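# Coordinate inspection notes
So the chains spell out like this:
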Amino acid sequence: MTQDVLAYPKMTMLTEPQCEAVHHASLEILRRTGVRVFHKEALDLLRRTDAVITDENLVRFPPGLVEWAVKQAPSRVVLCKRGTNQAAARLEDMEVNFGTGSDCLRYLDPRTQQHRLFTQQDVVDCIHVVDALPQLAFCMSMGIPADLAQSNAYREQYATLLEHTVKPVVFVCDDRADCEAIVAMAAAAAGGAEALRLNPTLLLYSEPSTPLKHSETATGKLLYMAEQGLPITHSPAPMMGGTAPVTLAGGLALGNAEVLSSLVMHQLKRPGAPFVYGQGLHHMDMRTMISVYGAPEYQLARVLVMEMGRHYGLPTWGYAGHSDSCVMDEQAAIDSAYSVLVALLTGTHLAHDVGYLEGGLTTSPEMIVLTAEVIRMMRRFAEGVALDPEAMALDVIDEVGPGGDFITQKHTAKHFREHWQPKLFSRQRLDDWVGSGRPTLGKRLRDQTVALIESHRPQPLAEGMRQEIDYVLNQG
């Protein structure tokens, strides 16, 4: 921050000694308790180190091995637009990139306001909304189509994303075979495997199993992405009070141990492979036994996780633009604004789940559009205020003098556009609002969302790429 800019400071909760305390707690978990690893190659890699393996697959890690792995992973990752070397999302410094979530069961139709199962066309419509909104830097699948055959579903899902947006894709999949097929499709669109490695257009989201287990399928995906030199976030989801201690500190230390043990295996496979730090630290509402998104503890967890990622010098993965509400209402709007501001102030590099309602069971394209407007507003707040001589305007103040006005000044004409202008929110006063038919935010939101769905057409894939992707899909 320079003297010429007054900006909101980065949100911090952990001092460097406190980050070290969390790190040491996680090292103790890995040394004393250990993790279960159910993947043969990963166990073979670990046997070549000072790790201690007992009871066939219980792995305990010496601190030096963990700290070696942290030092190997790159501090910066760039995701590119489809078929180009143009950066779409830079995971560095305080850059914050927003995107959607994956695999919801239900779709909240903006035309009918009804919840129903996703169709393939609904997924395409949602992708078009994301592709059209400049506030969103990446895309995830958002829904599980009920009208799509379940065999090779994740591969079909990725092919749909690849066809309908130029933005980078964060994908999910079932196993290594899915990974291989999806990477082959991405390479076809990128101009080959080497071009994809240099200009990655995709990132895998996967998870170890809390508490302290690394399944065969998840670890297989982890090692494959390392082998290919492509980015992954292997983000556990500790449920405080369920699969993790009920306290934020205990859940953080446990989840951190799971991330660090994942990172060790990842870097043993290919030192320097890109790895994005994150954990979906949630808590359980003990009255309802549901996982909570809209709560101060959830946002505290986001800050703590980002602090630890920054402590390790790793790119970070987080959450924003979501709600526990089942509909696009005032609760959803408040949750969206709260989470977006936290993501911006913590410098979350990739903030996903924009558009989630019902705690991640429903996707609402209206929530996506609303959150895009919130992102615009909150980015302006986070930018801060210029304090240079031009902004101080002392000469202008002196020229206008007591009792004058500034509306006719060239300085005003030069700078008034710097003030944020809404595209969705209303600034009408009562008479004008009544005269225009009393439009509510909900009405404007529905109209904008439906207009985007009906009007936006993404840049099409080249025909040769389409044929290569079809070939990969047909390999089964």
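Below you will find a few notes about this structure. Along every chain, residues carry numbers that run from 1 in the direction the sequence is written. Where local features are concerned, this predicted model is filtered to residues with pLDDT of at least 70; where side-chain atom pairs are given and counted, the filter is 80 or more; whole-chain, interface and lining totals use all residues. Here the side-chain values reflect all heavy atoms present in the structure, with hydrogen atoms and water set aside.

With that out of the way, let us pick up the sheet that holds strand β15 (residues 239-240). In this description, strands pair whenever DSSP reports at least two bridges between them. For the purposes of this entry, the term helix denotes a DSSP run of H or I that reaches at least four residues, the term strand denotes a run of E that reaches at least two, and both are numbered from the N terminus. Across the sheet, which stays open at both edges, the three strands sit in the order β15-β16-β17 with mixed pairing between neighbours. At either end of the open sheet lies a strand with only one pairing partner, and these are β15 and β17 (290-291). As paired strands, strand β16 (residues 282-285) and β17 are joined by two bridges and run antiparallel to one another. Bridging across to β17, aspartate 285 finds its partner in isoleucine 290.

Turning to helix α9 (residues 248-269), a few remarks are in order. Along an α-helix, a turn takes 3.6 residues, which lines up residues three or four apart on a common side. The length a helix should cover is 1.5 Å for every residue beyond the first. Between the first and last C-alpha of α9 there are 32 Å, a value that for 22 residues agrees with the 32 Å anticipated at 1.5 Å per step. The rule is simple: take the accessible area with a 1.4 Å probe, protein chains only, and divide by the maximum for that residue type; under 20% is buried, over 50% is exposed, in between is partly exposed. Counting buried residues along α9, 19 of its 22 residues qualify, which places the element largely inside the surrounding structure.

Attention now moves to the packing of aromatic side chains. Pairs of aromatic rings are described using the distance from one ring centre to the other and the angle between the two planes. Ring pairs shown here join Phe, Tyr and Trp side chains whose ring centres sit within 6.5 Å, with only the six-membered ring taken for Trp; geometry is labelled stacked below 30 degrees between planes, edge-to-face above 60, and tilted in between. If you walk through the whole model with that rule in mind, you get nine aromatic pairs. Ring plane angle 55° and centroid distance 5.1 Å describe the contact between tyrosine 107 and phenylalanine 118, whose orientation is recorded as tilted. Of this pair, tyrosine 107 sits in strand β8 (residues 106-108) while phenylalanine 118 sits in the loop between β9 (115-117) and α4 (120-132), and the two are eleven residues apart along the sequence. By the burial criterion, tyrosine 107 is buried, and phenylalanine 118 matches it.

This next bit is on the pairing of strand β19 (residues 350-354). Extensive coverage of β19 is indicated by the burial of five of its five residues. With three bridges connecting them, strand β7 (residues 97-100) and β19 associate as parallel partners. Along β19, the bridge assignment pairs asparagine 97 with leucine 350. Sheet topology note: the strand β18 (residues 317-319)/β19 ladder contains three bridges and is parallel. When the bridges of β19 are listed, tryptophan 317 appears paired with leucine 350. Convention used here: a crossover is right-handed provided that the path from the first strand, over the helix, to the second strand proceeds clockwise when the strands point away from the viewer. The handedness of the β18 to β19 crossover, carried by helix α11 (residues 330-346), is right-handed.

All right, on to the sheet that holds strand β13 (residues 213-214) then. Read across the sheet, four strands follow the order β3-β4-β2-β13 without closing on themselves; strand pairing throughout is mixed. Two strands close off the open sheet at either side, each with one partner strand: β3 (52-54) and β13. Relative to strand β4 (residues 58-60), helix α1 (residues 16-33) is tilted by about 130°, and along the sheet it contacts β2 (35-37) and β4. By the convention used here, residues are in contact when the closest approach between their heavy atoms is within 4.5 Å. Only the contacting stretch of a helix is used when fitting its axis, a line to C-alpha atoms as for every element, and angles between N-to-C directions run 0 to 180 degrees.

Over its 17 residues, α11 extends 24 Å from the first C-alpha to the last, a length consistent with the 24 Å expected when each residue adds 1.5 Å. Considered for burial, the residues of α11 that qualify are Ala332, Asp335, Ser336, Ala337, Ser339, Val340, Val342, Ala343, Leu344, Leu345 and Thr346. As for α11, its buried residues are in contact with β7, α10 (296-312), β18, β19, β20 (356-357) and α12 (365-383). As used in this structure description, the phrase polar contact means that two N or O atoms lie within 3.5 Å; if the pair is within protein, one of them must be able to donate a hydrogen and the other to accept it, and residues adjacent in sequence are counted only when both atoms belong to side chains. At the N-terminal boundary of α11, the capping side chain belongs to aspartate 329, with an oxygen 3.2 Å from the backbone nitrogen of glutamine 331. Residue glycine 347 follows α11 closely and has a positive phi angle near 75°.

Negative phi characterises most residues that are not glycine, and trans characterises most peptide bonds. The peptide bond linking threonine 210 to proline 211 adopts the cis configuration, its omega dihedral lying at 0°. In this structure, proline 211 sits in the loop between β12 (202-206) and β13. If you check the backbone angles, asparagine 152 has positive phi at about 60° while not being a glycine. The topology assignment puts asparagine 152 in the loop between β10 (136-138) and α5 (153-164).

Attention shifts here to the packing of α5 against helix α6 (residues 176-190). Think of two packed helices as two axes; the pair is described by the angle between the axes and how far apart they sit. At their nearest, the axes of α5 and α6 sit 9 Å apart, and the two run at 20° to each other. By the angle between their axes, α5 is roughly parallel relative to α6. Crossing of α5 over α6 shows right-handed handedness. In this structure, α5 contributes Tyr154, Arg155, Tyr158, Ala159 and Leu162 to the contact, and α6 contributes Ala177, Asp178, Ala181, Ile182, Met185, Ala186 and Ala189. For classification purposes, an angle smaller than 35 degrees is called roughly parallel, one larger than 145 roughly antiparallel, one from 65 to 115 roughly perpendicular, and anything else oblique. Crossings are sorted by hand: turned counterclockwise from the far helix by less than a right angle, the near helix makes the crossing left-handed, and turned clockwise it makes it right-handed.

Here we take up the pattern of salt bridges. Whenever Lys or Arg places a side-chain nitrogen within 4 Å of a carboxyl oxygen from Asp or Glu, that contact is recorded as a salt bridge. This model, assessed by the stated rule, comprises 21 salt bridges. A salt bridge links glutamate 227 to lysine 269; the shortest N-O distance between them is 3.8 Å. Of this pair, glutamate 227 sits in helix α8 (residues 216-228) while lysine 269 sits in helix α9, placing them 42 residues apart in sequence. Judged by relative accessible area, which is 26%, lysine 269 ranks as partly exposed. As a salt-bridge pair, glutamate 373 and arginine 376 come within 2.9 Å of each other at their nearest N and O atoms. With glutamate 373 and arginine 376 both in helix α12 and three residues apart, the pair spans about one turn of that helix. On the accessibility criterion, arginine 376 (18% relative accessible area) is buried. One continuous salt-bridge network, built from bridges that share partners, spans Glu41, Arg176, Glu180, Glu227 and Lys269.

Looking now at the state of the cysteines. Each disulfide consists of one covalent bond between the sulfur atoms belonging to two cysteines. We call a pair of cysteine sulfur atoms a disulfide when they lie within 2.5 Å. Per the stated rule, a full pass over the model turns up zero disulfides. Sulfur of cysteine 179: no disulfide; nearest cysteine sulfur belongs to cysteine 173 and is 3.5 Å away. Classification of cysteine 179 by relative accessible area gives buried; the value is 0%.

This paragraph deals with the nonpolar core. Definition used in this section: a nonpolar core is a set of buried Ala, Val, Leu, Ile, Met, Phe, Trp, Tyr and Cys residues joined via side-chain atoms within 4.5 Å. Within the largest apolar cluster, 129 residues are counted, with the highest numbers of intra-cluster contacts made by Phe98 and Phe171. The greatest single-element share of this core, amounting to ten residues, is contributed by α9.

Burial along strand β5 (residues 77-80) is two-sided: the residues Val77 and Leu79 and Val78 and Cys80 are all buried. Alignment of β5 against strand β6 (residues 87-91), held across four bridges, turns out to be antiparallel. Within β6, the position partnered with valine 78 by the bridge is arginine 90. Between β5 and β6, which pair antiparallel and follow one another directly, the connecting turn spans six residues, one of which, glycine 83, has a positive phi of 75°.

Keep in mind these numbers describe shape, not what the thing actually does.
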